[in-house]
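Structural description and commentary
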Amino acid sequence: MDIVICKNAETAEKLAAAIIADALAAKPNLTLGLATGATMENLYHKLADMKLDFSLCKTFNLDEYVGLPAEDRNSYRYYMNYHFFDRINIDKRNTHLENGVAEDLEAECARYEEMMEEAGGVDLQLLGIGLSGHIGFNEPFSDWSSRTRAVNLTPVTMAQNGPYFDEAKGEKMPNRALTMGVGTVLDAKKLLMLVTGERKADIISKALEGPMTSMVSGSAIQLHPDCVVILDEAAAAKLTMKDYCYSAFANDPKWDAYRDIVK
Ligand code: PGA
């Protein structure tokens, strides 16, 4: 695992964008695994500003709320269209999220896995981490061979995302979601985790430096052979191996191309 600590969120987003741009340049028909959440908004805007060619690209998102149709402003389909897909030249038919309003959720999840397989699997999976330690919506006790499925959201996640729902307008956060499983995530050829901000310092130190445990689904990335974690200094504040991460970045020639971004 490579952990890169950037001075602030802006730099971390720029580095993540540069890594995605390079992956796309190397493989124009890249299959991207995508994530939502506040952390990713500026990353998507930056990628859109780079005017990259996404015309051959396919995408699969990690998760979607159960019960929210695409046009609901709180759905992740709406988020993705607004923050990313409507700003780039991707063919929307190549963008995939689980259908949270499918009649048969189990069949929907099986269909989603099949589509990913038909696409040849995910080349590069973008990940955030939630305060519950989740990747996707894989809450504590998600088993590491889990596949795309319906899950219940923990109180921690309800509290984290609840404020996005405007109760005065009758919006209510669903307490269930469809999510790629931990096993699905680990099948991606490469993982790119982006975590910024002080409030993530505790959970990211557990995920990266703590024991691998299903109590912190994010710790499963320790198993992946090609995983880059990009943090800002605020999120990295509680890492005991911080100095080692800085020096590993400074000394490893594979990061030469990115040094101008991470100054
Ligand atoms: P956030 O969400 O970017 O809004 O903090 C990340 C997550 O819950 O995975």
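None of these values were measured; they are calculated from a predicted model. (Residues numbered from 1 in each chain as written. Predicted model: local features only at pLDDT ≥ 70, side-chain atom pairs only at ≥ 80, totals over all residues. Heavy atoms only, no water.)

**Some points on the overall build of the protein**
- Counting its secondary structure elements, the protein contains eight helices and 10 strands.
- Its C-alpha atoms give the protein a radius of gyration of 17 Å, near enough to 18 Å, the size a compact globule of 263 residues would have.
- Taken over the C-alpha atoms alone, the protein extends approximately 55 × 40 × 35 Å along its principal axes.
- Buried positions account for 54% of the 263 residues belonging to the protein.
- In the protein, the proportion of contacts linking residues at least 24 apart, taken out of those at least 6 apart, comes to 79%. (Helix = DSSP H or I, 4+ residues; strand = E, 2+ residues; numbered from the N terminus. Rg over C-alpha atoms; globule rule 2.2 N^0.38 Å. Buried < 20%, exposed > 50% of the residue type's maximum accessible area, 1.4 Å probe, protein only. Contact = heavy atoms within 4.5 Å.)

**Digging into the layout of surface pockets**
- Put simply, the largest pocket is a space of about 600 Å³.
- Considering the residues around the largest pocket, the lining is formed by 33 residues, among which Thr 36, Gly 37, Ala 38, Tyr 76 and Tyr 79 are closest to the centre.
- Per-element accounting of the lining of the largest pocket gives the leading share, five residues, to helix H3 (residues 76-83).
- By residue class, the composition of the lining of the largest pocket is 16 nonpolar, 12 polar and five charged. (1 Å grid on protein atoms, 1.4 Å probe; cavity = no way out; pocket = protein on both sides within 12 Å on 5 of 7 lines; lining within 4 Å. Points joined across faces, edges and corners; volume = space filled by probe spheres on them. Nonpolar A, V, L, I, M, F, W, Y, C, P; charged D, E, K, R; others polar.)

**Description of the site of the ligand**
- Every residue near the ligand is listed here: Gly 37, Ala 38, Thr 39, Ile 129, Gly 130, His 134, Gln 160, Tyr 164, Arg 199 and Lys 200.
- Interatomic distance of 3.5 Å between a backbone N/O atom of Gly 130 and an oxygen atom of the ligand.
- Lys 200 is positioned such that a nitrogen or oxygen atom in its side chain is 2.6 Å from an oxygen atom of the ligand.
- Its free accessible area being 280 Å², the ligand has 91% of it covered by the protein chains.
- Comparing atom positions with the cavity grids shows the ligand to sit within the largest pocket. (Near = heavy atom within 4 Å. Polar contact = N/O pair within 3.5 Å; in protein donor to acceptor, adjacent residues only side chain to side chain. Areas by Shrake-Rupley, 256 points an atom, 1.4 Å probe, with all protein chains shown as cover. Sits in = over half its atoms within 2 Å of the grid points.)

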